[in-house]
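Take a look at the letters that make up each chain.
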Amino acid sequence: QVQLVESGGGLVQPGGSLRLSCAVSGRIFTANVMGWYRQAPGKERDLVATVTRDGVTNYADSVKGRFTISRDNAKNTVYLGMNSLNAEDTAVYYCKADLRVYDWLPGTPYWGKGTLVTVSS
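Residues numbered from 1 in each chain as written. Predicted model: local features only at pLDDT ≥ 70, side-chain atom pairs only at ≥ 80, totals over all residues. Heavy atoms only, no water.

K.L.:
Looking at this structure, how should I read the packing of aromatic side chains?
P.N.:
Remark: the centre distance and the inter-plane angle together describe each pair of aromatic rings, the angle taken between the planes. Applying the stated criterion across every chain yields a total of three aromatic pairs. The interplanar angle of 80° and the centroid separation of 6.5 Å between the aromatic rings of Tyr94 and Trp111 together place this pair among those described as edge-to-face. Taken as a pair, Tyr94 in strand β9 (residues 91-100) and Trp111 in strand β10 (residues 108-111) lie far apart in primary sequence, 17 residues in all. For Tyr94, a relative accessible area of 13% corresponds to the buried category. Consider the rings of Tyr102 and Trp104, whose centres lie 4.8 Å apart with planes at 25°: the pair is stacked. Note on Tyr102: relative accessible area 42%, which makes it partly exposed. Residue Trp104 is classed as exposed on the basis of its relative accessible area, which comes to 63%. Every member of this aromatic cluster is reached through a ring pair, and the members are Tyr37, Tyr94 and Trp111. Positioned over the ring face of Tyr94 is Arg45, at 3.6 Å from the centre of the ring. (Phe/Tyr/Trp six-rings, centres within 6.5 Å; stacked < 30°, edge-to-face > 60°. Helix = DSSP H or I, 4+ residues; strand = E, 2+ residues; numbered from the N terminus. Buried < 20%, exposed > 50% of the residue type's maximum accessible area, 1.4 Å probe, protein only. Lys NZ or Arg CZ within 6 Å of the ring centre and 35° of its normal.)

Written as structure tokens, this is what we have:
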């Protein structure tokens, strides 16, 4: 079965950096838009960043200039580099990808299980 497998979450000090990875597990035809969302306690799940397979990126204003999203199409993997982290970045980060599993069907959204990023001293 096709899944999104996340890694890289953990505890980091304020001002520190972290890199998240999300890889497609299983056979797919192609991955379309891939991205990251996050949900802090008591808040809604919000978009963090997205990247097309051609490398066009989009960022939430709150992370622009600090976070970098990238992808490796050959590995069907998307990354989120996070710098200058602060307490407001503490959240569960979810990977999302629009995946075409078969070439005769359109892409459908897939979500990772989420990985916790805690920014604390």
